[in-house]
Amino acid sequence: MSTIALRGPVRVVVRQHRRALWAAGALLLLGTGTVPTLRIWIANSDELCADGDTTTCGDDFYLPSYARTTAETFLADGGTVMVLLGLLVGVFVAGPLIARELESGTFRLAWAQSASPAQWLAARLAVPAALAVTGTTVLALAYGWGRSYLLQNPNTYGLGWYESGVYPALGPAGVAFALLAVAVGALCAVLVRRTVLAMGVTVVLLGTIALGLGRGRHALWPTLRAVGNWPDGAWYVDPGMLTASGEAIYRKDCLAAAEGATACMRDRGGVTEFADYHPASHFWPLQLVETGILLALAALAVAVAFRVLRRRHG
């Protein structure tokens, strides 16, 4: 019965914001269509380079074609684009979708009919949440497909799984961030009830979370330590030197030294270089832990939003 009652508010949301939803769908098609286009261009350029066509080839020592250079530059920021899309979703939910109705008072018309306040808010969460999950999942799959083709070249640069501009687009963390954006946007709208202010607060909160996770991501899973043997494809986090007794001296603690970081570490007794790192096998543990944190924050934000709405309007 409650599911049937929820269909009415959902239809209203879709009809009210159909232009924004169509625009979002167009952006999704554009984003997913760009990757196959680049991949086809790369494949054609690779064939020409193999045939000795120097007009399309760059320096063979680095990359075989300018198509690869362009695609590499584009895909190196795929994760950043995913985070920005999450911010846009949060701003849309906080502003036009919820806060504007609370600010203008038009929500009373919906509540005077068959929809309760809880159903009204649930509909305004369900539509952007479905769009966010579908869109970010499709984009992540397309991104991973395009990146995998580039990685076949051993000279590919800047597309490591750990890069800040790559990591959010490779797994469920990007999808979870989009869901968090929906939840935070709703919470800000219910608390602030002013369109522009709610949008601004949403951007600040989501930006703070994104920056915090980006800087502290390496600490979400225990690192390994490399001494003398440096694995390929690893994310090196904290380099330094070990003393004869095995004490770790980190390079970051010597960056301000006038004599230089290496000399500073040697002056403190450092004799052997080391680095704490995450191997490629840590990708999924890091992704899953981050996803769990984001989903927990999203669930908390949704719970608080419903509680605030219930307290104010019953």
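Refer to the preceding data block for the structure.
Quantities reported herein were computed from a predicted structural model and do not represent experimental measurements. (Residues numbered from 1 in each chain as written. Predicted model: local features only at pLDDT ≥ 70, side-chain atom pairs only at ≥ 80, totals over all residues. Heavy atoms only, no water.)

> Give me the pairing of strand 2 (residues 235-243): which residues, what numbers.
Of all nine residues making up strand 2, seven are buried, and the element is well covered by its neighbours. Here eight bridges tie strand 2 to strand 4 (residues 270-278), and the two strands are oriented antiparallel to one another. Looking at strand 4, one finds that Tyr236 is bridged to Tyr277. Across three bridges, the pairing between strand 2 and strand 3 (residues 248-250) is antiparallel. Each residue of the ladder has a partner; that of Leu242, found in strand 3, is Ala248. Following strand 2, the chain reverses through four residues before pairing antiparallel with strand 3; Gly246 in that reversal takes a positive phi of roughly 95 degrees. (Buried < 20%, exposed > 50% of the residue type's maximum accessible area, 1.4 Å probe, protein only. Helix = DSSP H or I, 4+ residues; strand = E, 2+ residues; numbered from the N terminus. Pairing = 2+ DSSP bridges.)

> Tell me about the state of the cysteines, and name the residues and values.
For the structure on display, the rule yields one disulfide. Each disulfide pairs two cysteine sulfurs, and for Cys254 the partner residue is Cys264, the sulfurs being separated by 2.3 Å. On the sign convention where negative is left-handed, the bridge of Cys254 and Cys264, at about -60 degrees about the S-S bond, is left-handed. Placement of the pair is Cys254 in the loop between strand 3 and helix 9 (261-267) and Cys264 in helix 9, with a sequence separation of ten residues. Owing to a relative accessible area of 0%, Cys254 belongs among the buried residues under this scheme. By relative accessible area, Cys264 is classed as buried at 5%. (Disulfide = S-S within 2.5 Å.)

> Please provide a residue-by-residue account of the packing of aromatic side chains, values included.
Going through the model one piece at a time under the given rule, you end up with nine aromatic pairs. Among the aromatic residues, ring-to-ring pairing joins Trp161, Tyr162, Tyr167, Trp235, Phe283 and Trp284 into one connected group. Positioned above the aromatic ring of Tyr250 is the side chain of Lys252, whose terminal nitrogen or guanidinium carbon lies 5.5 Å from the ring centre. (Phe/Tyr/Trp six-rings, centres within 6.5 Å; stacked < 30°, edge-to-face > 60°. Lys NZ or Arg CZ within 6 Å of the ring centre and 35° of its normal.)

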